[in-house]
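One-letter residues, chain by chain:
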Amino acid sequence: VQLVESGGGLVQPGGSLTLSCAASGFAFSSYYMNWVRQAPGKGLEWVSTINSAGDSTAYVVSVKGRFTISRDNAKNTVYLQMNSLKPEDTAVYYCAAASRYTTSRKRDDYNAWGQGTQVTVSS
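Note that the coordinates shown come from a computational prediction; the quantities given were computed from them, not determined experimentally.

Colleague: Account for the environment of R37, with residues named and values stated.
Modeller: Here R37 shows up in strand 4 (residues 32-38). R37 sits 79 residues away from G116 along the chain, and the two C-alpha atoms are 8.5 Å apart. Among residues more than four places away in sequence, those in contact with R37 are G43, L44, E45, V47, S62, V63, F67, E88, D89, A91, V92 and Y93. Within the local environment of R37, its side chain forms a polar contact with the side chain of S62, the two groups lying 3.5 Å apart.

Put into structure tokens, the structure is as follows:
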């Protein structure tokens, strides 16, 4: 099982980034896919989830209207489009697979994790 994130970087406040997560080694299209972040000195925070079919999504209140999660089951990839970025969005962003719907902050509640990609929002 492997999840590999990409697309992080340094961006100015108000800017945009798109994160990607390429999956392999498991039945990607059968799993909920999630983005979870960890800001410096803080715990894990669930950000967004998308169901296996890609027709149902959910977001933490702080990113609703600014972030969009999507997936391409043919490419085994999940995306996170992030617009109107704020300094408080600065974190390591992880993608995580789950066999059922969850908004958990606990690593053990997910079936697989990527290594994370750093997003820094700063002028």
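Colleague: Break down the pattern of salt bridges for me, citing the residues and quoting the values.
Modeller: Enumeration according to the criterion identifies 3 salt bridges in this entry. In this structure, E45 and R37 form a salt bridge, with 2.7 Å as the shortest nitrogen-oxygen distance. Exposure remark for R37: the relative accessible area of 6% places this residue in the buried category. Residues D89 and R37 are paired through a salt bridge, measuring 3.0 Å at the closest nitrogen-oxygen approach.

Colleague: Tell me about the packing of aromatic side chains, and name the residues and values.
Modeller: Per the stated rule, a full pass over the model turns up 5 aromatic pairs. Considering the side-chain rings of F26 and F28, the 6.4 Å spacing of their centres and the 65° angle between planes classify their relative orientation as edge-to-face. An identical accessibility class is assigned to F26 and F28; each is buried. Consider the rings of F26 and Y31, whose centres lie 5.3 Å apart with planes at 90°: the pair is edge-to-face. Its relative accessible area of 17% is what places F26 among the buried residues. Y31 gets classed as partly exposed once you look at its relative accessible area, which sits at 22%. Positioned above the aromatic ring of F28 is the side chain of R71, whose terminal nitrogen or guanidinium carbon lies 4.4 Å from the ring centre. Across from the ring centre of Y94, 5.1 Å away, lies the NZ or CZ of R107, which sits over that ring.

Parameters and conventions
Starting from 1, residues in each chain are numbered consecutively following that chain's sequence as written. Only residues with pLDDT of at least 70 get local features here, since the model is predicted, and only at 80 or more are side-chain atom pairs given and counted; chain-wide, interface and lining totals rely on the full set of residues. Only hydrogens and water are set aside; all other atoms, that is, all heavy atoms of the structure, feed into the side-chain values. Think of it this way: any DSSP run of H or I at least four residues long counts as a helix, any run of E at least two long counts as a strand, and we number them from the N terminus. By definition in these notes, contact holds between two residues if any of their heavy atoms fall within 4.5 Å. Contacts described as polar in this section are N or O atom pairs within 3.5 Å, which, within protein, must combine one atom able to donate a hydrogen with one able to accept it, while residues neighboring in sequence count only if both atoms come from side chains. Here, a salt bridge means any side-chain nitrogen of Lys or Arg that lies within 4 Å of a carboxyl oxygen of Asp or Glu. Using a 1.4 Å probe on the protein chains alone, a residue whose accessible area is under 20% of its type maximum counts as buried, one over 50% counts as exposed, and one in between counts as partly exposed. Between the rings of Phe, Tyr and Trp (Trp by its six-membered ring), a pair exists once the centres lie within 6.5 Å; its type follows the angle of the planes, with under 30 degrees stacked, over 60 edge-to-face, and the other angles tilted. As a reminder, the over-ring test applies to NZ of lysine and CZ of arginine, requiring each to be within 6 Å of the ring centre and within 35 degrees of the ring normal.

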